[in-house]
Amino acid sequence: MTDEELALQARQGDTKALNDIFGKYKNIVNKISRSYFLLGGEFEDIIQEGMIGLYKAIQNFSDNKNASFKTFASMCIKHQIISAIKVASSQKNMVLSSALPISEQNDEEDDSLEIILPSSLPQPDQTVFEKESIAELQEKIKKTLSALEIKVLSLYLKGFSYNEISEKANMSKKSIDNALTRIKSKLQFIKNS
């Protein structure tokens, strides 16, 4: 039986056809999943999202299209994984429940650099050490980056999208992308020094 026939039978409720497709496409889901990273998640979470995408492909496949089931399924798997990553990274308050703020921010428009360390119930001596290390890191970053780069990095670390950063910094998205590339390069230099 072809993949297209299996998909149509699975959609009509044939459990054996559904299991056959899941078994046949498990390696494809794994291969696609290896290209992605889910912040705060594990590799199995990405695979699960891929399997959801495969299931959606089975439910929505139409044999009157010019695309094969394999092509359609691959697109659905990628789309599901990317959607899950976007949702996970757009939940700005998710970090607050497991973060230790290093500096207080009174004004959201403040351009100062804020670094947040994920932490689960830190010990007092660890907190002091982390604050000292972060203060040193902040100084290095402030000396290395320009004022514009600090502003872009600060907005980026707060979870703003390229569009939002573009509006707040009054810059084009391409300029934001270029600034983030420079920042990454400069911060890599700090890491290596």
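What counts and how
- Residues numbered from 1 in each chain as written.
- Predicted model: local features only at pLDDT ≥ 70, side-chain atom pairs only at ≥ 80, totals over all residues.
- Heavy atoms only, no water.
- Axes fitted to C-alpha atoms, helices over the stretch in contact; angles between N-to-C directions.
- Helix = DSSP H or I, 4+ residues; strand = E, 2+ residues; numbered from the N terminus.
- Parallel < 35°, antiparallel > 145°, perpendicular 65-115°, else oblique.
- Left-handed = near helix turned anticlockwise from the far one by under 90°.
- Contact = heavy atoms within 4.5 Å.
- Nonpolar A, V, L, I, M, F, W, Y, C, P; charged D, E, K, R; others polar.
- Salt bridge = Lys/Arg side-chain N within 4 Å of Asp/Glu carboxyl O.
- Buried < 20%, exposed > 50% of the residue type's maximum accessible area, 1.4 Å probe, protein only.
- Core = buried A, V, L, I, M, F, W, Y, C linked by side-chain atoms within 4.5 Å.
- Phe/Tyr/Trp six-rings, centres within 6.5 Å; stacked < 30°, edge-to-face > 60°.

Draft legend 1. Structural detail: the packing of helix α2 (residues 15–33) against helix α3 (residues 43–60). It is the contact of α2 with α3, at a shortest axis distance of 9 Å, that shows an interaxial angle of 130 degrees. Regarding the angle of α2 to α3, the classification is oblique. You can see that α2 and α3 cross each other, and the crossing is right-handed. Contact with α2, carried on its side by L18, I21, F22, Y25, V29, N30 and S33, involves F43, I46, I47, G50, M51, L54, Y55 and I58 of α3 and no other residues of that element. The residue inventory of the contact of α2 with α3, partitioned by class, reads 12 nonpolar, 3 polar and no charged.

Draft legend 2. Molecular detail of the pattern of salt bridges. Per the stated rule, a full pass over the model turns up 3 salt bridges. For D3, the salt bridge goes to K24, with nearest N and O atoms at 2.4 Å. Of the two residues, D3 sits in helix α1 (residues 3–11) while K24 sits in helix α2, which places them 21 residues apart along the sequence. Under the relative-accessibility criterion, D3 is labelled buried at 14%. Note that R182 and E149 form a salt bridge whose closest N and O atoms lie 2.9 Å from each other. Here E149 lies in helix α6 (residues 147–157) and R182 lies in helix α8 (residues 173–192), a separation of 33 residues in the sequence. Assessed through its relative accessible area of 2%, E149 is described here as buried.

Draft legend 3. Structural detail: the nonpolar core. Among the nonpolar cores identified, the biggest contains 24 residues, and I21, L54, I58 and F69 are the most heavily contacted of them. Looking at this core, the elements that each hand over two or more residues are α1, α2, α3 and α4 (69–90). Excluding residues that lie within four positions of it along the chain, F69 makes contacts with D3, E4, A7, I21, Y25, L54, A57, I58 and F61. Core analysis: the next-biggest nonpolar cluster, separate from the first, contains 14 residues, L145, V152, I176 and I183 among them.

Draft legend 4. Here's a closer look at α6. Three or more residues of α6 are buried, namely E149, I150, V152, L153, S154 and L155. Positive phi appears at G159, one or two residues downstream of α6, with a value of about 95 degrees.

Draft legend 5. Representation of the packing of aromatic side chains in the model. Scanning the entire structure with this criterion turns up 3 aromatic pairs. When the ring of Y25 is compared with that of F69, the centres are 5.4 Å apart and the planes differ by 85 degrees; the resulting orientation is edge-to-face. Linking Y25 in helix α2 with F69 in helix α4, this pair joins segments that are 44 residues apart in sequence. Considering the side-chain rings of F61 and F72, the 6.0 Å spacing of their centres and the 55 degrees angle between planes classify their relative orientation as tilted. One end of the pair, F61, is in the loop between α3 and α4; the other, F72, is in helix α4, with 11 residues separating them in the sequence. A relative accessible area of 25% means that F72 is categorised as partly exposed. Through a chain of ring-to-ring contacts, the aromatic side chains of Y25, F61, F69 and F72 assemble into a single cluster.

Any link to function would need more than the numbers given here.
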